[in-house]
Amino acid sequence: MSRRLPSEEAQQLWQEYRAGDMYALAKIMQSYYADLFHWGMRLHADREFVKDCIQELFLNLWKRQDSVCSVENVRAYLLVVLKTRILRELSRKHTTHQSTLSDEYAFSVEFAADVQWIEEENEVYQIRKLERVINHLPDRQKELIYLRFYQNLSFEQIADVMHLGRQSVYNLLQKSLTSLRKNWTVQCVGLLFAQFMVY
């Protein structure tokens, strides 16, 4: 699996892609595919469906390279576009209006793929407990926790992905952390989130 691109390098590749360098787009895809797949699987549990949506996302970027605008954060932009594509495809399947569906999609948090490198049995137990505690939160709170602590997005980027105002993101995060504190000590939650923050 490719390393995640530093933000500055991703910005440079994005500018090269917009200038016509399709190799730059391929490098962006290679670098962010794992993040996008993990994110897509949180929104919908059908692996092939998520892979198809990612493929369509990059195919569409390739086709409209000359009309794509500059973006502040490439990874956050791709997460927004993938979420929009997944919800649009699901709305087509269910013949439901997209705005209604976007408020009702299920969201789950799972650290299974990330636990392989952890050898301590107690740490694995704590992570599984964290999964259970987070998955008892409402879907929007789970999504926010995932974006903030797993994808390491800023509040502004989370606001874009979730289509919320920045203050709403702060309020929702505070509500989420309050709920988590009721089921677990904040030190333990903070320690485990730190393990999954990616720089």
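Residues numbered from 1 in each chain as written. Predicted model: local features only at pLDDT ≥ 70, side-chain atom pairs only at ≥ 80, totals over all residues. Heavy atoms only, no water.

(A) Region of the structure containing helix 1 (residues 7–18). In a regular helix each residue adds 1.5 Å, so 12 residues correspond to 16 Å; helix 1 covers 16 Å between its end C-alpha atoms and thus fits that length. Three or more residues of helix 1 are buried, namely Ala10, Leu13, Trp14 and Tyr17. Angularly, the buried residues of helix 1 cover 105 degrees about the axis, an arc narrow enough to put them on a single face. On its buried face, helix 1 sits against helix 2 (22–43), helix 3 (47–63) and helix 4 (74–94). In the stretch just after helix 1, glycine 20 is the one whose phi turns positive, near 115 degrees. (Helix = DSSP H or I, 4+ residues; strand = E, 2+ residues; numbered from the N terminus. Expected span 1.5 Å × (residues − 1). Buried < 20%, exposed > 50% of the residue type's maximum accessible area, 1.4 Å probe, protein only. Arc of directions from axis to C-beta. Contact = heavy atoms within 4.5 Å.)

(B) Molecular detail of the environment of glutamate 72. Structurally, the position occupied by glutamate 72 is in the loop between helix 3 and helix 4. Sequence-wise, glutamate 72 and serine 7 are 65 residues apart; in three dimensions their C-alpha atoms are separated by 9.3 Å.

That is the geometry; function is a separate question.
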